[in-house]
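Commentary on secondary and tertiary structure
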Amino acid sequence: ASILVVLVFAAAASALGMIIASVARSEDAAVWIGVVFTMGMTMLGGTFFSVGEGTVLAAIGKFSLNTYANDALRAVINSNGSLTGTGEAFIVMAGVVIIGLVISRLIFRAVPGGK
């Protein structure tokens, strides 16, 4: 069950990476945009420390994929490998995958010789 959570999270993170790649004007810009997004999502998503419910950081953390991945992984671990209680996390991550792929496709313009 945890592998399923990880696969959906990886697909959602990849979709965000494709949006970043579509927006960035250079490879260096894409790297730094990715670093900013990664650090923000990691810190606000409860990866290293718990964010208290009802706080401003918890509200901001709802925009982080890590919040939903961590919630789903905690639910799987606490229920001995069952996917019960992971519905919201899966819906959000799957939505990011679908919307991210559509947005990146609409933004990306293949031009001979590069962007």
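Going by the structure above, here's the rest.
The rules behind each value
Residues numbered from 1 in each chain as written. Predicted model: local features only at pLDDT ≥ 70, side-chain atom pairs only at ≥ 80, totals over all residues. Heavy atoms only, no water. Helix = DSSP H or I, 4+ residues; strand = E, 2+ residues; numbered from the N terminus. Expected span 1.5 Å × (residues − 1). Buried < 20%, exposed > 50% of the residue type's maximum accessible area, 1.4 Å probe, protein only. Arc of directions from axis to C-beta. Contact = heavy atoms within 4.5 Å. Core = buried A, V, L, I, M, F, W, Y, C linked by side-chain atoms within 4.5 Å. Salt bridge = Lys/Arg side-chain N within 4 Å of Asp/Glu carboxyl O.

This part is about the environment of Val-36. Looking at the secondary structure, you find Val-36 in helix 2 (residues 27-44). Sequence spacing of Val-36 and Phe-9 is 27 residues, and the spatial spacing of their C-alpha atoms is 18 Å.

Okay, helix 2 next. An α-helix turns once per 3.6 residues; consequently, residues spaced three or four apart project the same way. In this model, helix 2 (18 residues) spans 26 Å end to end at C-alpha, consistent with the 26 Å of a helix rising 1.5 Å per residue. Considered for burial, the residues of helix 2 that qualify are Gly-34, Met-41 and Thr-42. For helix 2, the angular spread of the buried residues around the axis is 95°, confining them to a single face. Among the exposed residues of helix 2, those pointing more than 90 degrees away from its buried face are Asp-28, Trp-32 and Val-36. Its buried side turned inward, helix 2 meets helix 1 (2-23) and helix 4 (65-78). Count one or two residues on from helix 2 and you reach Gly-46, which has phi positive near 80°.

So, on to the nonpolar core. The biggest cluster of nonpolar side chains holds 13 residues, and the ones touching the most others in it are Val-5, Ala-12, Leu-65, Ala-89 and Met-93. Of all the secondary structure elements, the ones that give two or more residues to this core are helix 1, helix 4 and helix 5 (87-107). The element best represented in this core is helix 4, accounting for 5 residues.

Tracing the backbone through its elements, the reader meets Thr-86 in the loop between helix 4 and helix 5. Dropping the residues within four chain positions of it, Thr-86 is found in contact with Ala-72, Ala-75 and Val-76.

Secondary-structure assignment places Thr-42 in helix 2. Overall, the relative accessible area of 12% leaves Thr-42 in the buried class. In contact with Thr-42, other than residues within four places in its own chain, are Thr-47, Phe-48 and Asn-66.

Attention shifts here to the pattern of salt bridges. Side chains that differ in sign of charge can pair as their charged atoms come close. Applying the stated criterion to the full structure yields 1 salt bridge. With its nearest N and O atoms 3.5 Å apart, the salt bridge here joins Asp-71 to Arg-74. Of this pair, Asp-71 and Arg-74 both sit in helix 4, 3 residues apart, which is roughly one turn of that helix. Since its relative accessible area comes to 36%, Asp-71 is described here as partly exposed. Given a relative accessible area of 42%, Arg-74 falls into the partly exposed group.

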